[in-house]
Amino acid sequence: MDNSKLKYLYLVILSLIWGTSFILIKKALGDDGTGNLILQPLQLGAARTIISGCMLIVIGWKSFIATDRKDWKWLFISGLLGTFFPAFLFAYAQTEIDSAISAILNSTVPLITLIMGAVIFGIAFSRTQLIGVIIGLAGAIGLVFSGMENNPEQNYLFAGLVFIACTCYASNVNIIKRYLQNIKPLAIATGNFVFILPLAMIVFLSADGASLDYTSEPVLRSLGYILVLCVFGTVAAKIMFNKLVQITSPVFASSVTYLMPVVGLTWGILDGEIFSVWQGVATAVIIFAVVLVTRGQKKPATK
């Protein structure tokens, strides 16, 4: 299959994988039938990082050791912002808000990336992108407020954790663009986990992860969801996304953001989550804003 067709196949597969990640987090947290979680957010986030890290280190160790030591500081910071903190933030957020809402709010990453790139890194943006940011933020606020009205039993202050996670992702994108531009994508991903894996192990043990009953069906089921999340949502998706960027452009690759909320919303509804018409309108506003931001990107001058 030539690249002109392959890129669309990758786009659809990535949308399905990443859009499914949010329901997998919800299922991994689980419910023991009495309203208590099977896994705590710290246990889930740490286990996810440990399993994914072991896989990526096996695959990409040679690529990582070929990197220059002066870049290791930024690989560590990139790992913290792009993987470590978001893994726990999303897990905590989904103890209170629906997986579909997390998936939709996650689509604000390009908007936050643009804001941070302009304010902190001095990256220029167009008028179209500015309009997109304003519309997107309005849509995100509308989504949260409509969710609070539609699901009064849920604590929508936890949506703030998703925004913090998105800010971490946005910071990571700008750091990679500025400081890790010349490093192979596999080396970046592997280097991230080389540095955050020990931290994840400490968190897992501190959160009594070793005391879990690994013979019980609920715990094994939760770990099964985490394994699927790691294999597909982290390892396979990272490799596939890097390939997509290589055969297309960052703008095309980022269009995966348009489809992820649709997948996440579909899974949420199938799982019995309530979604109102106004939440649907707010979702459409956010996706439209992301389209404006990514399509309004200025092309670099050619020499």
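Residues numbered from 1 in each chain as written. Predicted model: local features only at pLDDT ≥ 70, side-chain atom pairs only at ≥ 80, totals over all residues. Heavy atoms only, no water.

**Q** Hey, could you go over the overall build of the protein chain for me, with residue numbers and the actual values?
**A** When helices and strands are counted, the protein chain shows 12 helices and 0 strands. Helices and strands in the protein chain line up, N terminus first, as α-α-α-α-α-α-α-α-α-α-α-α. A globule of 303 residues ought to have a C-alpha radius of gyration of about 19 Å, and the protein chain, at 19 Å, matches this closely. Taken along the three principal axes of its C-alpha coordinates, the protein chain extends 65 × 50 × 40 Å. The buried share among the 303 residues of the protein chain stands at 51%. When contacts within the protein chain are restricted to residue pairs at least 6 apart in sequence, those whose partners lie at least 24 apart make up 87%. For the protein chain, the computed accessible surface area is about 14,700 Å², with 68% contributed by carbon and sulfur atoms. The average position of the 20 basic charges and that of the 14 acidic charges among the side chains of the protein chain differ by 23 Å. (Helix = DSSP H or I, 4+ residues; strand = E, 2+ residues; numbered from the N terminus. Rg over C-alpha atoms; globule rule 2.2 N^0.38 Å. Buried < 20%, exposed > 50% of the residue type's maximum accessible area, 1.4 Å probe, protein only. Contact = heavy atoms within 4.5 Å. Areas by Shrake-Rupley, 256 points an atom, 1.4 Å probe, with all protein chains shown as cover. Lys, Arg positive; Asp, Glu negative; His and termini not counted. Charge placed at Lys NZ, Arg CZ, Asp CG, Glu CD.)

**Q** How would you summarise the environment of Arg48 if you had to cite specific residues and measurements?
**A** Structurally, Arg48 can be placed in helix α2 (residues 41–65). Judged by its relative accessible area of 15%, Arg48 falls in the buried class. For the pair Arg48 and Leu80, spaced 32 residues apart in the sequence, the C-alpha separation amounts to 14 Å. Leave out the neighbours within four places in its chain, and Arg48 touches Ile25, Ala87, Ile226, Leu229, Cys230 and Thr234.

**Q** For the confidence of the model for the protein chain, give the residues involved together with the corresponding values.
**A** For the protein chain, mean pLDDT is 86; residues scoring 70 or higher make up 93% of the total. Note on residues 299–303: pLDDT is under 50 here. Beyond four places in sequence and across chains, it has 0 contacts. (pLDDT = per-residue confidence, 0-100.)

**Q** Pulling in residues and values, what's your account of the packing of aromatic side chains?
**A** Per the stated rule, a full pass over the model turns up 10 aromatic pairs. Ring geometry for Phe64 versus Phe195: centroids 5.9 Å apart, planes at 80°, classification edge-to-face. Of this pair, Phe64 sits in helix α2 while Phe195 sits in helix α8 (residues 185–206); the two residues are 131 residues apart in sequence, bridging distant segments of the chain. Here Phe64 falls in the buried class, since its relative accessible area comes to 3%. Among the residues examined, Phe195 registers a relative accessible area of 22% and is labelled partly exposed. When the centroid spacing of 3.8 Å and the interplanar angle of 5° are considered together, the rings of Trp74 and Tyr179 count as stacked. Remark: Tyr179 occurs in helix α7 (residues 159–179) and Trp74 occurs in helix α3 (residues 72–93); sequence separation between them is 105 residues. Overall, Tyr179 belongs to the partly exposed group, its relative accessible area being 32%. Each residue in the set Trp61, Phe64, Trp72, Phe76 and Phe195 is aromatic and connected to the rest through ring pairs, giving one cluster. (Phe/Tyr/Trp six-rings, centres within 6.5 Å; stacked < 30°, edge-to-face > 60°.)

**Q** Which residues make up the packing of helix α5 (residues 109–119) against α7, and what are the values?
**A** At a minimum axis distance of 8 Å, the contact between α5 and α7 shows a crossing angle of 55°. When the interaxial angle is binned, α5 and α7 end up oblique. The hand of the α5/α7 crossing is right-handed. Together, Val109, Ile112, Thr113, Met116 and Gly117 of α5 and Phe163, Cys166, Thr167, Tyr169, Ala170, Ser171, Val173 and Asn174 of α7 make up the contact between the two elements. Considering only residue class, the contact of α5 with α7 consists of 8 nonpolar, 5 polar and no charged. (Axes fitted to C-alpha atoms, helices over the stretch in contact; angles between N-to-C directions. Parallel < 35°, antiparallel > 145°, perpendicular 65-115°, else oblique. Left-handed = near helix turned anticlockwise from the far one by under 90°. Nonpolar A, V, L, I, M, F, W, Y, C, P; charged D, E, K, R; others polar.)

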